[in-house]
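Structural features, examined
Take a look at the letters that make up each chain.
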Amino acid sequence: NPFMSVEQVKKEISVLTASAQDEVTAFLFHLRHRADPDFQQVVDARLSDKDPAHWLTPEEFEQRLDQL
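Residues numbered from 1 in each chain as written. Predicted model: local features only at pLDDT ≥ 70, side-chain atom pairs only at ≥ 80, totals over all residues. Heavy atoms only, no water.

1. As for the overall build of the protein chain
The following threshold applies: Secondary structure counts use DSSP, requiring at least four H or I residues in a row for a helix and at least two E residues in a row for a strand, with both numbered from the N terminus. C-alpha atoms define the radius of gyration, and 2.2 Å times the number of residues to the power 0.38 defines the globule rule. A 1.4 Å probe rolled over the protein chains alone gives each residue an accessible area, and that area as a share of the maximum for its type sets the label: buried under 20%, exposed over 50%, partly exposed in between. Accessible areas in this description were obtained via Shrake-Rupley with a 1.4 Å probe; residue shielding takes into account the shown protein chains only. Here the positive residues are Lys and Arg and the negative ones are Asp and Glu; neither His nor the chain ends is included. Where a charge lies is defined by one atom per residue type: Lys uses NZ, Arg uses CZ, Asp uses CG and Glu uses CD.
When its secondary structure is counted, the protein chain shows 4 helices and 0 strands. Along the protein chain, helices (α) and strands (β) appear in the sequence α-α-α-α when read from the amino end. Radius of gyration (C-alpha) of the protein chain: 17 Å, far over the 11 Å computed for a compact globule of 68 residues. When the 68 residues of the protein chain are sorted by exposure, 0% land in the buried category. Entry remark: accessible area of the protein chain is about 6,600 Å², with carbon and sulfur atoms responsible for 59%. Computed over 7 positive and 13 negative side-chain charges, the inter-centroid distance for the protein chain is 7 Å.

Shown next, in the form of structure tokens:
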């Protein structure tokens, strides 16, 4: 069988470096949302937002990320 099972994929991912695992995470996030028009609208709106009052500093972003 030329295809890997989900368990094989998970095993391979588990031995990757943290950086490579981050890359896999980003790829899976992309796959999950690429066909979601609602998500794309939210992203487009955020990218177009020019009001600095709505922006986060890198520190604020990290703090919010840690709360997830």
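2. Thoughts on the confidence of the model for the protein chain
We count it as follows: Confidence of the predictor at the level of single residues is captured by pLDDT, which takes values from 0 to 100.
Residues with a pLDDT of 70 or more make up 99% of the protein chain, whose mean pLDDT is 91. Within the protein chain, no element has a lower average pLDDT than helix H3 (residues 37-48), which sits at 89, and none a higher one than helix H1 (residues 6-14), at 96.

3. Quick notes on a nonpolar patch on the surface
Under the convention used in this document: Like-charged residues within 9 Å of one another, or nonpolar side chains (Val, Leu, Ile, Met, Phe, Trp, Tyr) within 5 Å, are grouped into patches, provided each residue has over 30% relative accessible area and no salt bridge. Salt bridge, as used here: a side-chain nitrogen of Lys or Arg that lies within 4 Å of a carboxyl oxygen of Asp or Glu.
A contiguous nonpolar surface patch, about 430 Å² in accessible area, is contributed by Leu-56, Phe-61, Leu-65 and Leu-68. Examined against the element boundaries, Phe-61 turns out to sit in helix H4 (residues 58-66). A residue is classified by how much of its surface remains accessible, and Phe-61, at 44% relative accessible area, is partly exposed.

4. Some thoughts on the pattern of salt bridges
Evaluated as defined, the whole model comprises 1 salt bridge. Between Glu-7 and Lys-10 there is a salt bridge, with the nearest N and O atoms lying 3.4 Å from each other. In this pair, Glu-7 and Lys-10 both sit in helix H1, 3 residues apart, roughly one turn of the helix. We classify Glu-7 as exposed; its relative accessible area is 53%. Of the residues examined, Lys-10 reaches a relative accessible area of 48% and is grouped as partly exposed.

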